[in-house]
Amino acid sequence: MKLGRSILLVTVGLFSGTFVHGQLEENHMYKESYYLFPIKPGVRNTLAGTMGELRSSHFHSGIDIRTESRIGLPVHASATGFISRVSVSTSGYGNALYIQHPNGHTTVYAHLDHFNGAVAQYVREEQYKRKTFELNLYFRKGQFEVNKGDIIAFGGNSGSSGGPHLHFDLRDKNQKPLNPLKYGFSEIWDRTPPEAHKVALKTLDKNARVNGQFGRFEFKVRRIGNDYVIDQPIEVSGTIGAELYAYDKLDNSRFRCGINLISMEVDDKELFRSEISTFSFAEQRNILKHMNYPDLYETGERFHKLYIDDGNELKFYSTDTNKGRLTINGDGEHTVKVIMTDSYNNVSNLKFKLKRGNSGQEKTTVYGHTSGSAIDLVDNTLVIKAPLNNTSHTVIYTPEMRELQPSYIIGGNQAVYLWDMKEGLPHSVDINGTNELLHYKEMVKPGASYRYYSDKMDIYFPKDALFDTLYLQSAYNFIETDKSEEFSVGDVQVPLKKYISITLKPQISYQKPDKYSVYAIDSKGNAYYKGGEWEYGRVTFWTRNFGKFAILEDTIPPRITPVNVNSKELKFKISDERSGIDSFKCYVNNEWVLMNYDYKTHLIWSEKLDITQPFSGEVKLIVTDNQGNEQLYITRL
């Protein structure tokens, strides 16, 4: 269970801030005439996403240009150059085209419906030559030259796009993304400053407190014009980290976009600055440390940490010596100011006050919501909440028995105990006579490879797989009702930087292991295929997420539903109930036919090499799932 959040509703206060209308900074501008807006140039448009925006697992690398919610709008070359790369994929960017320009920059056009001109014919011929839908082709200068304004493709919804739009990247000579909005596109107007919604304060050491308690607590803000306040001062002690839930909105757009520049001052002294003007794609995974990952997992909200957390290797921060962590000393109130600036220099400010509270060494009583027992791990501290009465006691076993004393009391009837995990890994805790297993096995340090062995599973952590020290939990459960096994590995709210290898050691026999694979099981019981290789009765797979895993059988082949099957077009809907689609092959009179695939709609459809030739004769479609089960469809035209 997570620590309860303290929400402060604000009602009164007055504060005036600044608001700057949308003008580009001169020192960030290139020649305004160099780049052409790639969709309906010269016509006012809006965006659905901006560079630096927080996504669930990465920073958005470009802008998402709206295409009137339809497929087929012409996409223009933003500047003269040559097509350097084309990729075709069922996921990610889908159909994407890259143009390299004389100034060393590269523009990227993604989620396209189809390419245009000679490159389109070349790609189709290569697909037929290699007998594959997915391609990744590189070109040299002189093969496919383009001029500024040429129609190079048509907008679409391919890959992992959630709706028709054009994803547009601008990259430097090292393929690092740049902010396209700093390059003078008059088609986009923005005079709307960023919006703030919540602040979170989190204790960063065992003795830290926020309003007398340990943990992470959220506070709603109140808007005054274009600025924001929290009216009541917040008591803090020890080392505290601040987080901000905010986003930017552009004029006439409902979409939540990214804020490129966020800074935090305390008493007019800047302690933290995050300026996302560029980054390396190799660093993308660090976004899981830039955001509050547990809150993202629970609520989907993307909080910016206003300090550099342990393990975060991103390079776009400027901080004081404490990396943005807050320590309040001295009496009186201290003003925290968070300044949010979007790509067009629209600014909004958030102000709140902190004052020094209890040091955390004293046992204090705080008032608020109380509940029953709860156990949670927050960074290096195990938090145990338990009902308090005359006979209550809490004992932790490491395996030595250690009776704990309350660190503080909530509402007079709930005790909170804090245990530093560096003092020993607890395997169980006794709360008022009820023992609960905690399943902590090892303390794994980041920065070096590590192997964990047990009778139920082995786990291999490659070097730099972890962001921070890991308190590894693992457990095994045999489910009697369906005679299945469940393996729990780690905490789903702890992010991994790189893939780790897990070898499961089944305790029951699987008669046909070639029909069994590993599946991740989510909180709702849904199963997601992970795969795995069997050897000596064990199955090994790779994952970049902790969680629960099961070994499940799949003997059911995919489904094929004809949609249009005629001399002009072959279109089918394909699906699979468990392991998912792995491959599909279509033949007409034993000649391979290119089939496009959109996993979002489950549709595959033909694309002829010679559009003048009708389909005629035997049509054969073979669809295979990830477990190797095949479905065959045959008809004649």
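Residues numbered from 1 in each chain as written. Predicted model: local features only at pLDDT ≥ 70, side-chain atom pairs only at ≥ 80, totals over all residues. Heavy atoms only, no water.

The next point concerns the overall build of the chain. Helix and strand content of the chain: three helices and 52 strands. Across its three principal directions, the C-alpha atoms of the chain cover 85 × 70 × 40 Å. Taken across its 637 residues, the chain has 52% of its residues classed as buried. Within the chain, contacts between residues at least 6 apart in sequence are counted, and of these 68% link residues at least 24 apart. Carbon together with sulfur atoms contributes 46% to the accessible area of the chain, which is approximately 29,100 Å² in total. Each charge class in the chain was averaged separately, 76 positive and 77 negative side chains, and the resulting centres sit 2 Å apart. (Helix = DSSP H or I, 4+ residues; strand = E, 2+ residues; numbered from the N terminus. Buried < 20%, exposed > 50% of the residue type's maximum accessible area, 1.4 Å probe, protein only. Contact = heavy atoms within 4.5 Å. Areas by Shrake-Rupley, 256 points an atom, 1.4 Å probe, with all protein chains shown as cover. Lys, Arg positive; Asp, Glu negative; His and termini not counted. Charge placed at Lys NZ, Arg CZ, Asp CG, Glu CD.)

As a further point, take the pairing of strand E52 (residues 630-636). One ladder, built from seven bridges, connects strand E51 (residues 618-625) with E52; its direction is antiparallel. Note on E52: the bridge partner recorded for Val623 is Gln631. As consecutive antiparallel partners, E51 and E52 are separated by four residues, and within that stretch Gly628 has a phi angle of approximately 90°, a positive value. (Pairing = 2+ DSSP bridges.)

Here we take up the side chain of Gln493. Within the secondary structure, Gln493 sits in the loop between strand E39 (484-489) and strand E40 (495-504). With a relative accessible area of 14%, Gln493 lands in the buried category. At 3.5 Å, the side chain of Gln493 and the side chain of Glu298 are in polar contact. (Polar contact = N/O pair within 3.5 Å; in protein donor to acceptor, adjacent residues only side chain to side chain.)

This part covers the pattern of salt bridges. Two side chains of opposite charge can pair, provided their charged atoms sit close to one another. The final tally for this structure, using the stated rule, is 28 salt bridges. A salt bridge links Arg216 to Glu243; the nearest nitrogen and oxygen atoms lie 2.8 Å apart. A residue pair is termed long-range when its members are at least 10 positions apart, and Arg216 in strand E14 (residues 216-220) and Glu243 in strand E18 (residues 239-247) qualify at 27 residues. Across this residue pair, the class does not change: Arg216 and Glu243 are buried. Salt-bridge contacts for Lys571 lead to Glu569; the nearest nitrogen and oxygen are separated by 3.9 Å. By relative accessible area, Glu569 is classed as partly exposed at 24%. When salt bridges with common partners are traced through the structure, they connect Lys198, Arg216, Glu218, Glu243, Asp295 and Glu301 into a single cluster. (Salt bridge = Lys/Arg side-chain N within 4 Å of Asp/Glu carboxyl O.)

All right, on to the packing of aromatic side chains then. Per the stated rule, a full pass over the model turns up 23 aromatic pairs. In textbook terms, an aromatic cluster arises when at least three aromatic residues are bridged by ring pairs, as seen for Phe59, Phe272, Phe279, Phe281, Phe316 and Tyr317. Sitting above the plane of the Tyr476 ring, Lys456 keeps its charged end 5.4 Å from the centroid. A cation over an aromatic ring shows up here: Lys608 above the ring of Phe615, its NZ or CZ 4.7 Å from the ring centre. (Phe/Tyr/Trp six-rings, centres within 6.5 Å; stacked < 30°, edge-to-face > 60°. Lys NZ or Arg CZ within 6 Å of the ring centre and 35° of its normal.)

Let us look at the sheet that holds E51. Reading across from one edge, E46-E47-E50-E49-E48-E51-E52 is the order of the seven strands in this open sheet, with antiparallel pairing throughout. Either end of the sheet is taken by a strand with one partner, and the two such strands are strand E46 (559-565) and E52. Geometrically, the sheet is characterised by an average inter-axis angle of 25° between neighbouring strands, direction not taken into account. Against the sheet, helix H1 (residues 118-130) makes contact with strand E49 (591-598) and strand E50 (603-607), and its axis sits at roughly 120° relative to E49, the strand it touches most. (Axes fitted to C-alpha atoms, helices over the stretch in contact; angles between N-to-C directions.)

Take the pairing of strand E38 (residues 470-479) next. Both faces of the sheet carry side chains from a regular strand, because those side chains alternate between them. Judged from the four bridges that link them, strand E35 (residues 440-444) and E38 form a sheet pairing that is antiparallel. Considered in E38, the bridge of Tyr440 is made with Gln473. Alignment of E38 against E39, held across six bridges, turns out to be antiparallel. Looking at E39, one finds that Ala475 is bridged to Ser488. The antiparallel hairpin formed by E38 and E39 contains four residues in its connecting segment, where Lys483 sits at a positive phi of about 55°.

Right, let's talk about the confidence of the model for the chain for a bit. In this model, the chain carries an average pLDDT of 92, and 93% of its residues clear a pLDDT of 70 or more. Predicted confidence for residues 1-31 stays below pLDDT 50, and this span has 93 contacts to residues more than four positions away or in other chains. (pLDDT = per-residue confidence, 0-100.)

Turning to the environment of Gly412, a few remarks are in order. On the secondary structure map, Gly412 appears in the loop between strand E31 (408-410) and strand E32 (414-420). The exposure class assigned to Gly412 is partly exposed, which follows from its relative accessible area of 48%. For the pair Gly412 and Thr391, spaced 21 residues apart in sequence, the C-alpha separation works out to 15 Å.

For the second largest pocket, the calculated volume is near 800 Å³. Lining the second largest pocket are 31 residues, and of these Arg55, His58, His60, His111 and Ser160 lie nearest its centre. Among the secondary structure elements, those contributing two or more residues to the lining of the second largest pocket are strand E2 (63-66) and strand E10 (165-171). When its residues are assigned to classes, the lining of the second largest pocket shows seven nonpolar, 15 polar and nine charged. (1 Å grid on protein atoms, 1.4 Å probe; cavity = no way out; pocket = protein on both sides within 12 Å on 5 of 7 lines; lining within 4 Å. Points joined across faces, edges and corners; volume = space filled by probe spheres on them. Nonpolar A, V, L, I, M, F, W, Y, C, P; charged D, E, K, R; others polar.)

Here H1 spans 18 Å end to end across 13 residues, near enough to the 18 Å set by a 1.5 Å rise per residue. Within the span of H1, buried status applies to Val119, Ala120, Val123, Arg124, Glu126, Gln127 and Tyr128. Buried positions along H1 lie against strand E4 (81-88), strand E5 (95-100), strand E6 (106-115), strand E7 (135-138), E49 and E50. Backbone geometry just after H1 places Lys131 at a positive phi near 55°. (Expected span 1.5 Å × (residues − 1).)

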